[in-house]
Amino acid sequence: MTVIDIPGSKSVTARALFLAAAAEGTTSLLRPLASDDTEGFAEGLTALGYAVRREPDAWHIEGRPAGPGADTAEVYCRDGATTARFLPTLAAAGHGTYRFDASAQMRRRPLAPLTEALRTLGVDLRHGEREGHHPLAVHAHGVKGGALTLDAGQSSQYLTALLMLGPLTAEGLDITVTDLVSEPYVEITLAMMRSFGAEIRQEGRTYRVAPTGYRARTYGIEPDASTASYFFAAAALEPGRSVTVPGLGTGALQGDLGFVDVLRRMGADVEITDTGTTVRSTGTLRGLTVNMRDISDTMPTLAAIAPFADGPVRIEDVANTRVKECDRLDACAENLRRLGITVRTGPDWIEIHPGTPTGPAEIATHGDHRIVMSFAVTGLRTPGITFDDPGCVKKTFPDFHRVFDTFVRTP
């Protein structure tokens, strides 16, 4: 059995950075993810006037409940969706003028439901070029609060950003959601907010957030479940292989650990304990139809091993994957066809038929870290797979290629 130490969760690290910045006192984050996304978030906080001290295994953030320490700031969000959505929302609670921009990839990704909601709350927010996209400027004067209706059908991050804003408002926030994707990510948000002292009540599709502020604390970051999916998939694929990921067990916050339930349905042996999760190959992968709306970041992982199943694999209700770092549905289909696999797609689904992927082939990554890491698993059974941009894994797991290679070479 191979034991793999997975880096800290990107989702948890980003939320923890927001909450720490907003809290009264100094927060220490233990084992945070150090990657392009999270380092960009930390640098954005620094630009806004928050004090951030980074050590190898702990980051320390001096909170500012009244908002950014800088009156004006220019923040570059890189490729990070959490940075690009969370930091303007955090800045809105302060007082000053803050300008945000992002990479060409992030500029393409939508912001409109979030920025429209902020405007509903009275935030003076202006898009610099294309409405609903970066760049944008926030002319902040605090947020009174109130009630709003939100469509979070494209991204749960819109709801997360507004929920985290709620305790910083003068009167609290009531958010009624008309549509919601990736709901487990919202559960992460609520659990973390409560651990920093927030009070939230959920009544049907309405979230009521009290204006409590936040309290600093020491907070440990659990391993990234989305990143773990590549190693779990590899263990399920390779006969005689097993892998254990410590720190991701029955108490894990992240819904993406549910990917192992998909592997169990396909025939893998899965054991989840208080201390970690183990996946073992049984030598069989069965075809299936699965709704991945709540764990859509692991859709490419499943797509990458789907050709090795004994029947078609149909993944449904994943329309939101079309507005990620790239159109992941089309990217997966394109690359599987390049490997000789029969694939069908629709607006929110992909169906992959059994076959033997044939190389050599260069995977078109579209600058998407999850396409690289997913098709690295396909490469276990397909000699000659290469990537046009292998380095884009720096977004969430800069050391992925070395760690995965070590895993592959370990019996």
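Residues numbered from 1 in each chain as written. Predicted model: local features only at pLDDT ≥ 70, side-chain atom pairs only at ≥ 80, totals over all residues. Heavy atoms only, no water.

## A word on the overall build of the protein
Argument step 1. Tallying secondary structure elements over the protein gives 13 helices and 24 strands in all.
Argument step 2. Against the compact-globule benchmark of 22 Å for 411 residues, the protein has a radius of gyration of 21 Å, which places it among compact chains.
Argument step 3. Across its three principal axes, the protein shows a C-alpha extent of roughly 60 × 40 × 40 Å.
Argument step 4. Within the protein, residue pairs in contact and separated by at least 24 positions form 72% of the contacts whose partners lie at least 6 positions apart.
Argument step 5. Here the protein displays about 14,700 Å² of accessible surface, and carbon together with sulfur accounts for 46% of that area.
Argument step 6. Seen as two clouds, the 41 positive and the 50 negative side-chain charges of the protein have centres 1 Å apart. (Helix = DSSP H or I, 4+ residues; strand = E, 2+ residues; numbered from the N terminus. Rg over C-alpha atoms; globule rule 2.2 N^0.38 Å. Contact = heavy atoms within 4.5 Å. Areas by Shrake-Rupley, 256 points an atom, 1.4 Å probe, with all protein chains shown as cover. Lys, Arg positive; Asp, Glu negative; His and termini not counted. Charge placed at Lys NZ, Arg CZ, Asp CG, Glu CD.)

## Some remarks on the sheet that holds strand 20 (residues 313–316)
Two strands in a sheet stick together by hydrogen bonds in their backbones, pointing the same way (parallel) or opposite ways (antiparallel).
Argument step 1. Across the sheet, which stays open at both edges, the four strands sit in the order 19-20-22-21 with mixed pairing between neighbours. Each end of this open sheet is capped by a strand with a single partner; those strands are strand 19 (288–291) and strand 21 (343–345). With direction set aside, neighbouring strand axes in the sheet form an average angle of 10°.
Argument step 2. Pairing of strand 21 with strand 22 (residues 350–352), which is carried by three bridges, proceeds in the antiparallel orientation. (Pairing = 2+ DSSP bridges. Axes fitted to C-alpha atoms, helices over the stretch in contact; angles between N-to-C directions.)

## Looking at the sheet that holds strand 9 (residues 136–141)
Argument step 1. The four strands lie next to each other as 6-7-9-8, forming an open sheet whose pairing is mixed. Edge positions in the sheet fall to strand 6 (72–76) and strand 8 (124–127), since each of these pairs with one other strand and no more. Across the sheet, the axes of successive neighbouring strands diverge by a mean angle of 15°, strand direction being ignored.
Argument step 2. In this sheet, strand 9 lies alongside strand 8 in antiparallel orientation, the contact comprising four bridges. Residue pairing across strands places His 127 opposite Leu 136, the latter belonging to strand 9.
Argument step 3. Contacts between helix 2 (residues 36–48) and the sheet are confined to strand 6 and strand 7 (95–101), with strand 6 contributing the most and set at about 170° to the helix.

## Examining the packing of aromatic side chains
Argument step 1. Following the criterion strictly, the structure yields nine aromatic pairs and no others.
Argument step 2. Here Phe 41 and Phe 86 contribute two aromatic rings whose centre-to-centre distance is 6.5 Å and whose plane-to-plane angle is 70°, an arrangement assigned as edge-to-face. Within this pair, whereas Phe 41 is found in helix 2, its partner Phe 86 is found in helix 3 (residues 81–92), the two being separated by 45 residues in sequence. The exposure classification of Phe 41 matches that of Phe 86, with both residues buried.
Argument step 3. Within the aromatic cluster, the residues linked to one another by ring pairs are Tyr 230, Phe 231, Phe 397, Phe 400, Phe 404 and Phe 407. (Phe/Tyr/Trp six-rings, centres within 6.5 Å; stacked < 30°, edge-to-face > 60°. Buried < 20%, exposed > 50% of the residue type's maximum accessible area, 1.4 Å probe, protein only.)

## What to know about the environment of Asp 101
Argument step 1. Mapped onto the elements, Asp 101 comes out in strand 7.
Argument step 2. Overall, the relative accessible area of 23% leaves Asp 101 in the partly exposed class.
Argument step 3. Sequence spacing of Asp 101 and Leu 33 is 68 residues, and the spatial spacing of their C-alpha atoms is 23 Å.
Argument step 4. Aside from chain neighbours lying at most four places away, what touches Asp 101 is Val 75, Tyr 76, Cys 77, Arg 107, His 134 and Pro 135.

## Here's the deal with the packing of helix 3 against helix 6 (residues 157–165)
Argument step 1. The interhelical angle for the contact between helix 3 and helix 6, taken along N-to-C directions, is 30°, at an axis separation of 9 Å. In this structure, helix 3 crosses over helix 6, and the sense of that crossing is right-handed. Residues Ala 81, Thr 82, Arg 85, Phe 86 and Thr 89 of helix 3 form the contact with helix 6, whose own contacting residues are Gln 157, Tyr 158, Thr 160, Ala 161, Met 164 and Leu 165.
Argument step 2. Looking at the contact of helix 3 with helix 6 residue by residue, the class counts come to six nonpolar, four polar and one charged. (Left-handed = near helix turned anticlockwise from the far one by under 90°. Nonpolar A, V, L, I, M, F, W, Y, C, P; charged D, E, K, R; others polar.)

## Topic: the pairing of strand 6
Argument step 1. Side chains Ala 73 and Val 75 project from strand 6 onto a buried face, and the interleaved Thr 72, Glu 74 and Tyr 76 project onto a face without burial.
Argument step 2. Two elements, strand 6 and strand 7, share five bridges in a ladder whose sense is parallel. Bridged to Val 75 within strand 7 is Phe 100.

## A look at the nonpolar core
Argument step 1. Ranked by internal contacts, the top residues of the largest apolar core, which has 73 residues, are Phe 100, Leu 159, Leu 162 and Tyr 214.
Argument step 2. Considering every element that reaches this core, the biggest residue donor is helix 1 (residues 10–22), with nine residues.
Argument step 3. Beyond its immediate chain neighbours, meaning those up to four positions away, Phe 100 contacts Leu 48, Val 75, Cys 77, Leu 87, Pro 88, Ala 91, His 134, Pro 135, Leu 136 and Val 138.
Argument step 4. Core analysis: the next-biggest nonpolar cluster, separate from the first, contains 67 residues, Ala 233, Ile 315, Ala 331 and Met 373 among them. (Core = buried A, V, L, I, M, F, W, Y, C linked by side-chain atoms within 4.5 Å.)

## Observations regarding unusual backbone geometry
Argument step 1. Following His 134, the chain continues to Pro 135 via a peptide bond in cis, the omega torsion being 0°.
Argument step 2. Assignment of secondary structure puts Pro 135 in the loop between strand 8 and strand 9.
Argument step 3. The peptide bond linking Gly 359 to Pro 360 adopts the cis configuration, its omega dihedral lying at 0°.
Argument step 4. Its location among the elements puts Pro 360 in the loop between strand 22 and strand 23 (361–363).

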